Amino acid sequence: MENDALDDAPDTPDRRRVRRRVLIASVAGCAVLGGVPALLPWGPDEPRGASPAPGAQALAAVTSGVPAALPDLAVLIDEREARLRAHPEDFRSWAVLGAAYVEQGRRTAQPVNYPKAEKALRTSLKLRAGNAEALDGMAALANARRDFRAARTWGEAALRADRTRWTTYPLLIDAYTGLGDHKAATRALDRLLKLRSGPAVRARAAAVYRDRGRREDAAAALSDAAAAARAPAERAAYLQRSGQLAWERGDLDVALRHFQEAVRLDPDQRAALAGQGRTLAALGRTTEALNAYRVALAKQPCPEYALELGELYESLGLGQAARVQYDLLRERVRLAAAGGVDEELVLGLFEADHGDARSAVRRLRAEWRRQPGIAVADALGWALHRAGENKEALKFARLATDRERGGTVRSALYVYHRGMIERELKLTGPARRHLQEALRINPRFSPTRAPLAEAALKELGEPSVEEVPDMDGKAGRGERTAVNRRG
């Protein structure tokens, strides 16, 4: 199915209501990746009744694209494996098993699960060619591996089999976003909202709103999603993303509350533990931050957590401890590659700041050719800057931050990167504006970079008369020269 086939859907009462909602700080949610979506086993207005058995609860979650508790997932996997030993021709059980492996791999950051998931899903497709459950599973697997082109291909194949299959659209939204096709992502969301409502849909809408810079809409949709979540693991995942949204706008106390509540509801919510580490570090509660990161890494050893913890150690002057984390990052990237996972983005960011900037440029150029999303544009721009190629770096920094070019995410890090590149190019006025904007978005967005932004602003000083725009909106030559007044 071509991207433009996802035609715009008209406004709906549900969407208007979401936009009217305000942020409820104590209850929020998040968009969730992974899992094989299918129709929910219950309707949105049906009573919940008694809690199902662990395997049944995980089945309901996995087949509807929402998070499942890790112990329940283990039960579901055992049940499906037993079922398939007795009934190896059951293509639906193979699809469910593959979905469960994807979700388990995503939740634990264990890429070894992904080859097992692929084998199960391909077995399902061999037994029943074109079955939508397995096609969705392959799309979810590709997203988990950061192979967004493959995810788009599998997702669009699933929609060709059944265009009304609403739970395929979240998978396509992830794929389109990873490929930098935000118009297609928006069209997919419009179709999804036309077909279905409910917490999973609202959480997905929140992710798109956040990517488009509509943070109030995102917060309102997250609030609705968390309030309607049916299980602790689902609500915890939504709270984790809500905490991330609060962190991104610099609302640290709210972010910490969301992360703590997420961990209380689901102790296996390691992304929320890492969020606690991030937030506690920004609040100056360093010992607690280090502990939170260590616990998160022990159970979910994501490379990005190792990078964040390493940079926290570095900011404390603990170089040896930082190097241990950087070695862990390299090892996790190696293991991820063995499981078919593309971790070039985080490895490129690491190499740009802590390793070989030229290697980072090569890696990220290749990544940009494969899947030109906004995060890759920002990372490539920064790597080019670190390698001394500032003119080209600015082109990618603009892609990541200019609304006209699709960079509508309000990211302190992206704007910081642009400001530092402009500073190096002697674009004094733009550099000052963007560094100030980064610190407005989140004054403590990084333990290492926020102090550098403050120091750079001090060096740039106050605007000179020559930098003030004239009546035609054109800046004086201070925009084009290095005329600075030291602060």
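Every chain's residues receive numbers from 1 upward, in the order its sequence appears when written. Per-residue local features of the predicted model are confined to residues with pLDDT of at least 70, and side-chain atom pairs are confined, for both listing and counting, to 80 or more; whole-chain, interface and lining totals are unaffected and use all residues. Water and hydrogen atoms were dropped before computing side-chain values, which therefore reflect all heavy atoms in the structure.

### Remarks on the overall build of the protein chain
Secondary structure elements are taken from DSSP: a helix is a run of H or I of four residues or more, a strand is a run of E of two residues or more, and numbering for both begins at the N terminus. Looking only at helices and strands, the protein chain has 24 helices and zero strands in total. The cut-offs for exposure are 20% and 50% of the maximum accessible area for each residue type, with area from a 1.4 Å probe on protein chains only; residues under the lower value are buried, those over the upper are exposed, and the others partly exposed. Residues counted as buried form 57% of the 487 residues belonging to the protein chain. For the protein chain, the proportion of contacts with a sequence separation of at least 24, taken over those separated by at least 6, is 62%. By element, 52% of the accessible surface of the protein chain is carried by carbon and sulfur atoms, the whole surface being about 20,600 Å². Here a residue-residue contact requires only that any non-hydrogen atoms of the pair lie within 4.5 Å. Reported accessibility uses the Shrake-Rupley method at a 1.4 Å probe radius. Residues are deemed covered only where the shown protein chains occlude them.

### Overview of the pattern of salt bridges
Should a side-chain nitrogen of Lys or Arg be within 4 Å of a carboxyl oxygen of Asp or Glu, the pair is scored as a salt bridge. In the structure shown here, the tally under the stated rule is 32 salt bridges. Note that Asp136 is salt-bridged to Arg165, the shortest N-O span being 2.6 Å. Of this pair, Asp136 sits in helix α6 (residues 132–144) while Arg165 sits in the loop between α7 (148–161) and α8 (169–178); the two residues are 29 residues apart in sequence, bridging distant segments of the chain. Close ionic contact of Arg270 with Asp268 constitutes a salt bridge, the shortest N to O distance being 3.7 Å. Of the residues examined, Arg270 reaches a relative accessible area of 11% and is grouped as buried. Accessibility expressed as a relative area gives 22% for Asp268, which makes it partly exposed. Within this structure, Arg146, Asp342, Glu367 and Arg370 form a network of salt bridges that share partners.

### Structural notes on the side chain of Glu248
One can find Glu248 in helix α12 (residues 232–248). Taking the relative accessible area as the measure of exposure, Glu248 reaches 16% and is therefore buried. A polar atom in the side chain of Glu248 sits 2.9 Å from the side chain of Arg210. Here Glu248 is in contact with Arg210, Arg215, Ile441 and Asn442, once residues within four sequence places are set aside. N or O atoms closer than or at 3.5 Å make up a polar contact, with two conditions inside protein: a donor-capable atom paired with an acceptor-capable one, and, for residues adjacent in sequence, both atoms drawn from side chains.

### Structural notes on the environment of Leu125
Here Leu125 is to be found in helix α5 (residues 113–127). The sequence separation of Leu125 and Met138 amounts to 13 residues, and the corresponding C-alpha distance is 9.9 Å. Among all residues touching Leu125, those that are not within four sequence positions of it are Gly130, Asn131, Ala134, Leu135, Met138 and Trp154.

### Considering the nonpolar core
Counting residues in hydrophobic clusters, the biggest one holds 40 residues, and the most contacted among them are Leu97, Leu141 and Tyr238. Elements with a minimum of two residues in this core: α2 (54–62), α3 (70–86), α4 (91–108), α5, α6, α7 and α11 (215–228). Broken down by element, this core gets its largest block of residues, eight residues, from α4. Residues Ala236, Leu256, Val263 and Cys302 belong to the second largest nonpolar core, which totals 37 residues. We define a nonpolar core as any set of buried Ala, Val, Leu, Ile, Met, Phe, Trp, Tyr and Cys residues linked to one another through side-chain atoms lying within 4.5 Å.

### Observations concerning the packing of α11 against α12
Orientation is described by axes fitted as lines to C-alpha atoms, over the contacting stretch for helices, and by angles from 0 to 180 degrees between their N-to-C directions. In contact at an axis separation of 9 Å, α11 and α12 are set at 160 degrees when each is read in the N-to-C sense. On the basis of the axis angle, α11 is roughly antiparallel to α12. Our pair here, α11 against α12, has a crossing hand that is left-handed. When α11 is examined against α12, the residues Arg215, Ala218, Ala219, Leu222, Ala225, Ala226 and Ala227 are found in contact with a partner set consisting of Arg235, Tyr238, Arg241, Ser242, Leu245 and Glu248. Residues that form the contact of α11 with α12 fall into these classes: eight nonpolar, one polar and four charged. Reported orientations rely on four angle classes, namely roughly parallel under 35 degrees, roughly antiparallel over 145, roughly perpendicular from 65 to 115, and oblique for the rest. Should the near helix be turned anticlockwise from the far one by less than a right angle, the crossing is left-handed, and should it be turned clockwise, the crossing is right-handed. Note that Gly is not counted as nonpolar here; it falls among the polar residues with everything else outside the nonpolar set of Ala, Val, Leu, Ile, Met, Phe, Trp, Tyr, Cys and Pro and the charged set of Asp, Glu, Lys and Arg.

### Observations concerning the packing of aromatic side chains
Planes of paired rings set the category: under 30 degrees apart is stacked, over 60 is edge-to-face and the rest tilted, where pairs are Phe, Tyr or Trp rings (Trp by its six-membered ring) whose centres lie within 6.5 Å. For the coordinates displayed, the defined rule picks out four aromatic pairs. Measuring from ring centre to ring centre gives 5.1 Å for Tyr326 and Phe350, while their planes differ by 50 degrees; the resulting arrangement is tilted. On the criterion of sequence distance, the pair formed by Tyr326 in helix α17 (residues 319–338) and Phe350 in helix α18 (residues 344–354) is long-range, its members being 24 residues apart. No difference in accessibility class separates Tyr326 from Phe350, as the two residues are buried. Ring plane angle 45 degrees and centroid distance 5.8 Å describe the contact between Trp382 and Tyr416, whose orientation is recorded as tilted. Remark: Tyr416 occurs in helix α22 (residues 412–424) and Trp382 occurs in helix α20 (residues 374–386); sequence separation between them is 34 residues. In this structure, Trp382 and Tyr416 share a single accessibility class: buried. In textbook terms, an aromatic cluster arises when at least three aromatic residues are bridged by ring pairs, as seen for Trp382, Tyr416 and Phe445.

### Brief notes about the confidence of the model for the protein chain
pLDDT runs from 0 to 100 and stands for how confident the predictor is about each residue. Averaged over the protein chain, the pLDDT score is 86; the fraction of residues at 70 or greater is 84%. Ranking the helices and strands of the protein chain by mean pLDDT puts α5 first, with 98, and helix α1 (residues 13–20) last, with 42. Every residue in residues 1–50 scores below 50 in pLDDT, and together they form 149 contacts with partners more than four places removed in sequence or on other chains.

### Points about the environment of Ala292
For Ala292, the location among the structural elements is in helix α15 (residues 286–299). Put simply, Ala292 and Ala272 are 20 residues apart on the chain and 9.3 Å apart in space, counted from C-alpha to C-alpha. In this structure, Ala292 is in contact with Leu273, Gln276 and Gly277, ignoring residues within four places of it in sequence.

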